[in-house]
Amino acid sequence: MAKDTLYLLNPFFEKEGQIRFCPDCAMMEGYLATYPHLRQALDIVYVDYARPRAILVERLGEDHQNAPTLILGEAAPDAGPHGEIQSANGLSFLSDARPITRWLAQRFELAAPL
């Protein structure tokens, strides 16, 4: 079974002359810190803030460059119990921290977000 791949923004980036961070990616980093075994269960790729985000464009197309994004190792048969699994270029993926953590919680029997 292929590993799922989690795409996160590099933790700090410059925007409008200020150093910023992505709150959703920070939430994912917190989830990974709470469940460190996930770092071995997932492939984690950090991408730059600037668009286009070439690796995401290559895999999912120009319309799907959001981070965080979790590309599933195997195509999902449907949109999942919450209707959050999307597909592009034959790949299944989740976008945004809450859907990703809900999916990870179900898959690895971890705590789910409210």
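Everything below is about the structure printed above this text.
Predicted model only: the values in this text are computed from it and were never measured.

**Q** Is there a simple way to explain the nonpolar core in this structure?
**A** With 30 residues, the main nonpolar core has Leu-6, Leu-38, Leu-70 and Leu-104 as its most contacted residues. Residue assignment for this core shows that the elements contributing at least two residues are β1 (4-9), α1 (23-34), β4 (42-47), α3 (54-60), β5 (69-71), β7 (91-95) and α4 (97-108). For this core, the element with the most residues is α4, which contributes five residues. With sequence-adjacent residues up to four places away left out, Leu-38 is seen in contact with Tyr-31, Leu-32, Leu-104, Phe-108 and Leu-110.

**Q** Would you explain the packing of aromatic side chains in this entry?
**A** Aromatic ring pairs are reported here in terms of the distance separating the ring centres and the angle at which the planes meet. This model, assessed by the stated rule, comprises two aromatic pairs. With a centroid separation of 4.3 Å and 0 degrees between ring planes, the pair formed by Phe-13 and Tyr-49 is classed as stacked. Taken together, the positions of Phe-13 in strand β2 (residues 13-15) and Tyr-49 in the loop between β4 and α3 put the pair 36 residues apart, joining distant regions of the chain. With a relative accessible area of 12%, Phe-13 lands in the buried category.

**Q** What is the right way to look at α1 in this model?
**A** Since the α-helix turns once every 3.6 residues, residues separated by three or four places project in the same direction. Taking 1.5 Å of rise per residue, the twelve residues of α1 would be expected to cover 16 Å, and the 16 Å separating its terminal C-alpha atoms lies within 8% of that figure. Those residues of α1 that fall on the buried side of the exposure criterion are Cys-25, Met-28, Tyr-31 and Leu-32. Each buried residue of α1 lies within a common arc of 110 degrees when the element is viewed along its axis, so the set occupies one face. In α1, those exposed residues whose orientation departs by more than 90 degrees from the buried face are Pro-23, Ala-33 and Thr-34. Those residues of α1 hidden inside the fold are in contact with β1, α2 (38-41), β4 and α4.

**Q** Would you take a moment to explain the pattern of salt bridges for this structure?
**A** Think of it this way: side chains of opposite charge can pair up when their charged atoms draw near. Applying the stated criterion to the full structure yields five salt bridges. As a salt-bridge pair, Glu-29 and Arg-39 come within 2.7 Å of each other at their nearest N and O atoms. Placement of Glu-29 in helix α1 and of Arg-39 in helix α2 is noted, with a sequence separation of ten residues between them. On the basis of relative accessible area, Arg-39 is assigned to the partly exposed category, the value being 35%. The salt bridge partner of Arg-102 is Glu-84, with a shortest N-O separation of 2.3 Å.

Thresholds, definitions, all that
What you see as residue numbers is a count from 1 along each chain, following the sequence as written. Local features are withheld for residues below a pLDDT of 70 in this predicted model, meaning they are given only at 70 or higher, and side-chain atom pairs are given and counted only at 80 or more; totals for whole chains, interfaces and linings count all residues. Heavy atoms from the whole structure form the basis of all side-chain values; hydrogens and water molecules are not counted. Throughout this description, the term nonpolar core refers to a set of buried Ala, Val, Leu, Ile, Met, Phe, Trp, Tyr and Cys residues connected via side-chain atoms within 4.5 Å. Note on exposure labels: buried denotes an accessible area under 20% of the residue type's maximum, exposed denotes more than 50%, and partly exposed covers the range between, all computed with a 1.4 Å probe on protein chains only. Counting from the N terminus, the helices are DSSP H or I runs at least four residues long and the strands are E runs at least two residues long. Should any heavy atoms of two residues lie within 4.5 Å, those residues are considered in contact. By convention, a stacked pair of Phe, Tyr or Trp rings (six-membered ring in the case of Trp) has centres within 6.5 Å and planes under 30 degrees apart, an edge-to-face pair has planes over 60 apart, and any other such pair is tilted. Between the first and last residue of a helix there are one fewer steps than residues, each counted as 1.5 Å, and that sum is the expected span. Arc, as used here, means the arc of the directions from the helix axis to the C-beta atoms. Here, a salt bridge means any Lys or Arg side-chain nitrogen found within 4 Å of an Asp or Glu carboxyl oxygen.

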